[in-house]
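Chain by chain, the residues run as shown.
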Number of protein chains: 2
Amino acid sequence: MREVAVIGVGMTKWGELWEKSLRTIFVETALLALDDAGVERIDSMYVGSMSSGLFVGQEHIASLLADYLGQAPVPSARVETACASGGLALRLGFMEVASGMSDVVLVSGVEKMTDVSGYEATYALGTAGDQEYEGYIGITFPGLYALIASAHMEKYGTTREQLAMVAVKNHRNGSKNPLAQFPFEITVDSVLNSVMVADPLRILDCSPITDGAAAAVLCPVEMAQKMNKLIIKIIGTGHATDTIALSSRKDITWIEATYQAAKQAYSMAQKKPEDIDILEVHDCFTIAEICVLEALGIVEKGKGGDAVEQGMTSLEGEIPVNTSGGLKAKGHPVGATGVAQVAEIVKQLRGEAGERQVKEARIGMTQNMGGSGGSSVVHIFEKE
Amino acid sequence: MREVAVIGVGMTKWGELWEKSLRTIFVETALLALDDAGVERIDSMYVGSMSSGLFVGQEHIASLLADYLGQAPVPSARVETACASGGLALRLGFMEVASGMSDVVLVSGVEKMTDVSGYEATYALGTAGDQEYEGYIGITFPGLYALIASAHMEKYGTTREQLAMVAVKNHRNGSKNPLAQFPFEITVDSVLNSVMVADPLRILDCSPITDGAAAAVLCPVEMAQKMNKLIIKIIGTGHATDTIALSSRKDITWIEATYQAAKQAYSMAQKKPEDIDILEVHDCFTIAEICVLEALGIVEKGKGGDAVEQGMTSLEGEIPVNTSGGLKAKGHPVGATGVAQVAEIVKQLRGEAGERQVKEARIGMTQNMGGSGGSSVVHIFEKE
């Protein structure tokens, strides 16, 4: 397999973009990535999107977006694994370049979530769970993660305050990211006093409903060298599944799909958790970031809450996590999130992250997750 | 890239399967393919599905189905490009094996379309078109293909009877396929007198609403040889896009995405149209088969109607097309169709097609299409 580089990334301001359609959001973002890469034509593209059918009544968006980007007749594939759709797009784009099938591949993610009511959005997001065994009893995603949070608090003594600290940290980072949906700071108190969604999770524990897209351009490392690009290599990829229903798991505090995906990525990259300098992880709810750090081997089982409390994962900490603001502050247009994580890691490794720049980061990791952990995609990047 | 073989295929009876859920249909079918391949474990899987969100309110089916097949934690990706989702699953599975990333890959397609009303199904299918420019004015898929049919009749003198003959031929083939949804013969008269759907297309010009799945197992040719398998190689793959809206095309009788995908596949396989012995194509409407044969270079532009009238594409003809019964008689569970085409070609090349067996077929081709030709996937297979 050939070595693969990320030579361009693009992201536009995320939020409630009522004046823009899915295709507009995508095209604006993709053009930024092509511009950043310095290429006009691509050989193939991937679009991660969780539910364009339920959110905007449009399937077949791979062709729609290739068409509107002016890139038809290139092959274009939409890929989906709920909220990890963006990570999956990156993985398949990587595979296409690595295999020698294509040279320049655009990977992207997009979701337009605010064209429907809150009720309809909650329903659409619920389709990431097991509709016959979970949706049927009326549980929604905040409910599923509330079960995980309660179990984690019970089993490991994780505190309500520690959960809040995840949101506070990510908003602090997000306040330095002008593209974030909510670029402002919050306090532990404001989290603890915010509206209850599903006990113990409050509204400020939850990532928001967001419109947005993100894109990246991949090519063989050899080609990137000829283009005199600052090279960020993808050195590891992993993708794994778990039971879709939480009720089928032995231990709901343990995210096996993330553990398995990370194992593959570490092994391919020949790296260990302690080699990682910077991390973007899937904090769809505050508890998720805690569980994910444990599954990635960044902290011991049960110690995710302590890590945030001790400042280990803050911008100035030992291993900064979610410098972009994470899903919590940056926003969570579900299919786009996995690609936005890549955009942040690339910006950081290139030293282009502005006010939130981490010093001397050379190796970065992204972790993207579908449903309550039914799927997970992990990538490791290295600055050459 | 490594050479890739199809070592197992599976299909179950298609139809209105009210007593079975999406997951049941999938698992039954996937187990047949694994059994046919003689393997129990896979390294990765792909699921083609157009709109499980709108049809059964379930996204994230890649994980759901890996879980229910007992294959988690393997990577599992759902891929979508409307009605060509199955073909896309095959292409990405091919890429994964060819790249060396995985050895044994399950590719599959599934759609459960009869859990919703006819109106809702028509809406869901309409999301394969451009919802802002086509859906908005109220046009449905029979309407789009009716425009193509009218233009083809006007431009090339294709007759109403020739359209009917496509359906008659495919039902004749389908009557020999016990897994077909409608395994019986029809006549030109019955087509011409069937209910009008969108002038000039009548109900017997249209493929039906179907529940069904199909699956295939891929591995490197070298591994298949060690397993002493009868080897059917994938020697060419092509995937292309076109404008999603019919109104943006220069000539609506010409399916550019199929032409471009075929060009890639012929070039990779080092084959020409005259080398193909047997074909499964995307006859979602009778006119589609006619246009596709032209775009594939099997017949000259404008001669698709004559080809069926002269018997060139019948079971005993020069180049049998849709020996399975095609989408028309076999049924069209949209995401599954592209993989079912592979199942038919493999059965034929192995000499296991029973009553509908074509003599001395060595090279087969599949052509799968999304929307009104906004995407197309083409593969070429060769018996070793």
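About the thresholds
Residues numbered from 1 in each chain as written. Chains lettered and ligands numbered in written order. Predicted model: local features only at pLDDT ≥ 70, side-chain atom pairs only at ≥ 80, totals over all residues. Heavy atoms only, no water. Helix = DSSP H or I, 4+ residues; strand = E, 2+ residues; numbered from the N terminus. Rg over C-alpha atoms; globule rule 2.2 N^0.38 Å. Buried < 20%, exposed > 50% of the residue type's maximum accessible area, 1.4 Å probe, protein only. Pairing = 2+ DSSP bridges. Contact = heavy atoms within 4.5 Å. Buried area = accessible area lost by both parts, 1.4 Å probe. Salt bridge = Lys/Arg side-chain N within 4 Å of Asp/Glu carboxyl O. Phe/Tyr/Trp six-rings, centres within 6.5 Å; stacked < 30°, edge-to-face > 60°. Lys NZ or Arg CZ within 6 Å of the ring centre and 35° of its normal.

Q: Before we move on, could you go through the overall build of chain A and cite the residues and values that matter?
A: When helices and strands are counted, chain A shows 14 helices and 11 strands. Taking 2.2 N^0.38 as the reference for a compact globule, 384 residues should give roughly 21 Å; the C-alpha atoms of chain A span a radius of gyration of 19 Å, in line with that estimate. The C-alpha extent of chain A, read off along each of the three principal axes, is 55 × 45 × 35 Å. Here chain A, with 384 residues, has 70% of them falling under the buried criterion.

Q: Can you break down the pairing of strand 10 (residues 363-370) of chain A residue by residue, with the values?
A: Residues and elements named next belong to chain A. In terms of burial, strand 10 is a largely internal element, 8 of the 8 residues being buried. Of the two faces of strand 10, both are covered, the one formed by I363, M365, Q367 and M369 as well as the one formed by G364, T366, N368 and G370. As defined by bridge partners, strand 9 (residues 278-280) adjoins strand 10 across 3 bridges and the pair is classed as parallel. Note on strand 10: the bridge partner recorded for I278 is G364. Where strand 10 folds back onto strand 11 (residues 375-383) in an antiparallel hairpin, the turn is made up of 4 residues, including G371, whose phi is positive at roughly 60°.

Q: Help me get a handle on the interface of chain A and chain B, residues and values and all.
A: Taken together, the contact pairs 59 residues of chain A with 59 residues of chain B. When chain A packs against chain B, close to 4400 Å² is buried across both sides, 56% of that on carbon and sulfur atoms. Our count for the contact surface shared by chain A and chain B stands at 6 salt bridges. Close ionic contact of R78(A) with E80(B) constitutes a salt bridge, the shortest N to O distance being 3.0 Å. Sorting the residues of the side of chain A that touches chain B by element identifies helix 2 (52-56), helix 3 (61-68), strand 3 (76-80), helix 4 (85-99), strand 8 (232-241) and helix 10 (256-269) of chain A as the ones contributing at least two each. Ranked by residue count, the leading element in the side of chain A that touches chain B is helix 4 of chain A, at 7 residues.

Q: Outline the packing of aromatic side chains, supporting the account with residue identities and numerical values.
A: The final tally for this structure, using the stated rule, is 8 aromatic pairs over all chains. Lying over the aromatic face of Y68(A), R23(A) brings its terminal NZ or CZ to 4.5 Å of the ring centre. Across from the ring centre of W254(B), 4.9 Å away, lies the NZ or CZ of K301(B), which sits over that ring.

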